[in-house]
Amino acid sequence: MGLNSVNFLFFVILAVLVHYMLPLRLRWGWLLIVSYAYYWANAGWALVFILSTTLTTWAAALLMERETDNSANAAGSGEMAGASGHAAGPGGGAVATRHAAGPGGGAGASRHAAASPLGRRTILILTLLLNFGTLAVLKYTNFAINNLNALPGVHLPEFKWILPFGISFYTFQSMGYLLDVYWKRQEAERNLLKFALFVAFFPQIMQGPIGRYGRLAPQFFKERRFSSQNLERGAQLILWGLFKKMVLADNAAFYVRAIFDHPEQYPGLSIPAILAYSIHLYGDFSGGIDIISGVAVLFGIQLDANFRQPYFATSLTDFWHRWHITLGAWMKDYVFYPLSLSGWMGKFGKWCRKQFGRKNGRTVPIAFANIIVFLIVGIWHGAAWQYIAYGLYNGVIIGISGILAPQFRAWKERLGIVDKSAGWHVFCVLRTFLIVNVSWFFDRAMSLKMAFVMMKNAVTHFTPGQLLSITVGMDGSLFGSRAALGVLAAGCLVLFVVSFMKERGVDVARAVMERPFAARIALYAVMIVALPAFGQPPLAEGGFIYAQF
């Protein structure tokens, strides 16, 4: 039941109608029912995996909170015992020393306080290992086996596992909640069914965004009344997402598949291929997020933003602040900061300051942490060496950019470059677009070797006329190739204008909603007619890219 399928449309309409017919107190329960129904329809018995994550995370959070309560109670008892001993003793100083180090109540409190963090940490580590371990085994076992089989005399069989629907997204979302409870940023949810809705909320289960419990869960349980503005805003997002997916992504996909799957047949099309993939990936992923966000708005729920005009970024760091924003925020909060503030990283920082001086001693550990973070991002993207290269490519560039930032500023001063000038801004946008597109070779090529072959072809071969020999459309016609290129060009122009307006601070959705009713209806009608006229049917591409994560 893909996000751009007719079945999904009818499913959403039914879910929304029943939702607003029910009493307010029952609506979150209905969302839980339809979320599990949606998951079952897409994944069947793989439902057991999301149930396992839900149950183990919910129980672990409660156990950790109980450990915290026990620690607080024990500490309180110790203070009372110490105060009593202080009153009865012959000398304040002697009793105070006995309270701190001796075998009385104060020492007991110290033992309890020391045991509790250990217990909480054990619960955390075991739950993280269980859930991330499940993800790792299902997603990366065959990758490990294939690499072992490359060794002489090793012939291990592969496992025929199917990756459960949405496992990467609900695992990251659940483990983020668990870490928040561990760090006492979030109280543990005592109602299992309410926590289950947070994990399985059906619009976002396929491809995110990765939500935070403190921002998302309260919206499920507050009184959400029907709003015509939410209805229109949700419909806007869904139509815009379908435009990105059907008109841009699915038309570009024909060229992407033809060239990347057969690079030896089209050696002169590496540049058009990577540009087509930029359109395909962005239209597919951000279009899916728009559909998801629109469906959530129909229920009165606001999901976190996941894209913000990423191709207008002026640096690779800026790009990752705009692309898959919730994954970047998750990595920052749950990997980068804990890693940067860890004891061993502190020791590494001291060593760097001794070896490289005070300034570089601060930037080198940050660069190293960034490389580790993006290595994890690469591994998350897929079980293949090109994805590891993809992560390292991003991490190394961002890390080196941080180390060389003072030199870059000095060079700009010598050259008289003004950061706020329009020319420099355009140069930075184009430079970043080029850097990002190079990374897409790792993301889409059939192998790491083929990624480098296509990069080489991008420099040594360029015959764009071969594009017209690629068949396009369900009927595989050559005639459709020129039409598809025209549709892509017009669609990219529309996307650029809308994105440029947003970049300049224009709230395009609000601007449309402030137009007269007849004008809005006409615009929506044109979009509804244009989707099947210029887009590709849902089966043409076979779903969304990130649905496989």
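What counts as what
- Residues numbered from 1 in each chain as written.
- Predicted model: local features only at pLDDT ≥ 70, side-chain atom pairs only at ≥ 80, totals over all residues.
- Heavy atoms only, no water.
- Helix = DSSP H or I, 4+ residues; strand = E, 2+ residues; numbered from the N terminus.
- Buried < 20%, exposed > 50% of the residue type's maximum accessible area, 1.4 Å probe, protein only.
- Contact = heavy atoms within 4.5 Å.
- Areas by Shrake-Rupley, 256 points an atom, 1.4 Å probe, with all protein chains shown as cover.
- 1 Å grid on protein atoms, 1.4 Å probe; cavity = no way out; pocket = protein on both sides within 12 Å on 5 of 7 lines; lining within 4 Å.
- Points joined across faces, edges and corners; volume = space filled by probe spheres on them.
- Nonpolar A, V, L, I, M, F, W, Y, C, P; charged D, E, K, R; others polar.
- Salt bridge = Lys/Arg side-chain N within 4 Å of Asp/Glu carboxyl O.
- Axes fitted to C-alpha atoms, helices over the stretch in contact; angles between N-to-C directions.
- Parallel < 35°, antiparallel > 145°, perpendicular 65-115°, else oblique.
- Left-handed = near helix turned anticlockwise from the far one by under 90°.
- Phe/Tyr/Trp six-rings, centres within 6.5 Å; stacked < 30°, edge-to-face > 60°.
- Lys NZ or Arg CZ within 6 Å of the ring centre and 35° of its normal.
- Core = buried A, V, L, I, M, F, W, Y, C linked by side-chain atoms within 4.5 Å.
- Lys, Arg positive; Asp, Glu negative; His and termini not counted.
- Bend = angle between axes of the 7 residues up to and from the residue.
- Polar contact = N/O pair within 3.5 Å; in protein donor to acceptor, adjacent residues only side chain to side chain.
- Patch = residues over 30% accessible without salt bridge, like charges linked within 9 Å, V, L, I, M, F, W, Y side chains within 5 Å.
- Charge placed at Lys NZ, Arg CZ, Asp CG, Glu CD.
- pLDDT = per-residue confidence, 0-100.

A. Structural view of the overall build of the chain. Within the chain one finds 21 helices and zero strands. Every one of the 549 residues in the chain was classed for burial, and the buried ones make up 48%. Intrachain contacts of the chain at a sequence separation of at least 6 include 76% that bridge at least 24 residues. For the chain, the accessible area works out to roughly 27,200 Å², and carbon and sulfur atoms hold 67% of it.

B. Representation of the layout of surface pockets in the model. The space that makes up the second largest pocket amounts to roughly 1,200 Å³. Taken together, 40 residues line the second largest pocket, and the ones lying closest to its centre are Ser315, Leu316, Thr317, Ile398 and Ser401. Taken together, the residues of the lining of the second largest pocket sort by class into 23 nonpolar, 12 polar and five charged.

C. Up close: the pattern of salt bridges. In this structure the tally under the stated criterion is 14 salt bridges. The salt bridge partner of glutamate 503 is arginine 322, with a shortest N-O separation of 2.8 Å. Placement of the pair is glutamate 503 in helix H19 (residues 479-503) and arginine 322 in helix H11 (residues 316-322), with a sequence separation of 181 residues. Under the relative-accessibility criterion, glutamate 503 is labelled partly exposed at 26%. One salt bridge in this structure joins arginine 510 and aspartate 507, with 3.7 Å as the shortest N-O distance.

D. The arrangement of the packing of helix H13 (residues 343-356) against helix H14 (residues 358-381) in detail. Put simply, H13 and H14 touch, their axes get as near as 7 Å, and they point 140° apart. On the basis of the axis angle, H13 is oblique to H14. Handedness of the H13/H14 crossing: right-handed. Contact residues: Trp344, Met345, Phe348, Gly349, Cys352, Arg353 and Phe356 in H13; Arg358, Asn360, Gly361, Arg362, Val364, Pro365, Phe368 and Ala369 in H14. Here the contact of H13 with H14 is composed, by residue class, of nine nonpolar, three polar and three charged.

E. Local environment of the packing of aromatic side chains. Using the criterion set out here, one finds 60 aromatic pairs in the structure. Plain terms: the ring middles of tryptophan 40 and tryptophan 45 are 5.1 Å apart, the flat faces sit at 85° to each other, and that makes the pair edge-to-face. The exposure class assigned to tryptophan 40 is partly exposed, which follows from its relative accessible area of 42%. Accessibility expressed as a relative area gives 72% for tryptophan 45, which makes it exposed. Plain terms: the ring middles of phenylalanine 348 and phenylalanine 368 are 5.5 Å apart, the flat faces sit at 50° to each other, and that makes the pair tilted. Here phenylalanine 348, found in helix H13, pairs with phenylalanine 368, found in helix H14; they are 20 residues apart in sequence, far enough to count as distant. For phenylalanine 368, a relative accessible area of 34% corresponds to the partly exposed category. Lysine 194 extends its terminal NZ or CZ atom over the ring of tryptophan 28, reaching a point 5.7 Å from the ring centre.

F. Quick peek at the packing of helix H7 (residues 192-200) against helix H8 (residues 213-221). H8 packs onto H7 with a crossing angle of 115° between their chain directions and a minimal axis gap of 10 Å. For the element pair H7 and H8, the recorded crossing hand is right-handed. Seen from H7, the contacting residues are Lys194, Phe195, Leu197 and Phe198; seen from H8, they are Tyr213, Leu216, Phe220 and Phe221. Considering only residue class, the contact of H7 with H8 consists of seven nonpolar, no polar and one charged.

G. Representation of the nonpolar core in the model. Counting 136 residues, the largest nonpolar core has Tyr38, Phe202, Ile301, Phe319, Trp320, Trp323 and Trp440 as the members making the most contacts within it. For this core, the element with the most residues is helix H9 (residues 228-261), which contributes 15 residues. Sequence-distant contacts of phenylalanine 319, defined by excluding residues within four places in its chain, comprise Pro310, Tyr311, Ala313, Thr432, Val436 and Trp440.

H. Quick look at the side chain of aspartate 443. Mapping aspartate 443 onto the fold places it in helix H17 (residues 422-444). This buried residue, aspartate 443, is left without a salt bridge; arginine 444 holds the nearest opposite charge, at 7.5 Å. What aspartate 443 contacts, discounting residues up to four positions off in sequence, is Tyr277, Leu281, His381, Tyr387 and Tyr390.

I. Structural context of helix H12 (residues 325-340). The largest bend in H12 amounts to roughly 40° and is located at lysine 332. The complete set of buried residues in H12 reads Thr326, Leu327, Trp330, Met331, Asp333, Tyr334, Val335, Phe336 and Leu339.

J. How the structure looks around the environment of leucine 197. Structurally, leucine 197 can be placed in helix H7. Beyond its immediate stretch of four places on either side in the chain, leucine 197 contacts Trp28, Leu31, Leu32, Ser35, Phe220 and Phe221.

K. Region of interest: the side chain of glutamate 65. Locating glutamate 65 in the fold gives a position in helix H3 (residues 47-88). Overall, glutamate 65 belongs to the buried group, its relative accessible area being 16%. There is a polar contact of 2.9 Å between the side chain of glutamate 65 and the backbone nitrogen of alanine 188. The residues contacting glutamate 65, other than those within four sequence positions of it, are Glu187, Ala188 and Arg190.

L. Broad picture of a positive patch on the surface. Taken together, Lys347, Lys350, Arg353, Lys354, Arg358, Lys359, Arg362 and Arg409 make up a surface patch of like positive charges. Mapped by element, the contributors of at least two residues to the positive patch are H13 and H14. If one sorts the elements of the positive patch by residue count, H13 sits on top with four residues. Residue placement: arginine 409 occurs in helix H16 (residues 405-415). With a relative accessible area of 48%, arginine 409 lands in the partly exposed category.

M. Structural view of the confidence of the model for the chain. Per-chain confidence: the chain averages 86 in pLDDT, with 88% of residues scoring 70 or above. The lowest-confidence element of the chain is helix H4 (residues 92-101), averaging 38 in pLDDT; the highest-confidence one is H7, averaging 97. A low-confidence stretch, residues 83-115 stays under pLDDT 50, and its non-local contacts, those more than four residues away or across chains, total 19 contacts.

N. Up close: empty space enclosed by the protein. On inspection of all chains with the given rule, the structure shows three cavities of 30 Å³ or more. Looking at the largest cavity, its volume works out to about 60 Å³. If you trace the largest cavity, you find it lined by Gln204, Pro209, Ile210, Gly211, Arg212, Arg215, Leu216, Gln302, Leu303 and Asp304. Residues that form the lining of the largest cavity fall into these classes: four nonpolar, three polar and three charged. By volume, the second largest cavity is sized at about 40 Å³. Contributing to the lining of the second largest cavity are Phe169, Tyr170, Gln173, Val199, Gln204, Ile205, Gly208 and Pro209. The leading source of residues in the lining of the second largest cavity is helix H6 (residues 167-182), at three residues.

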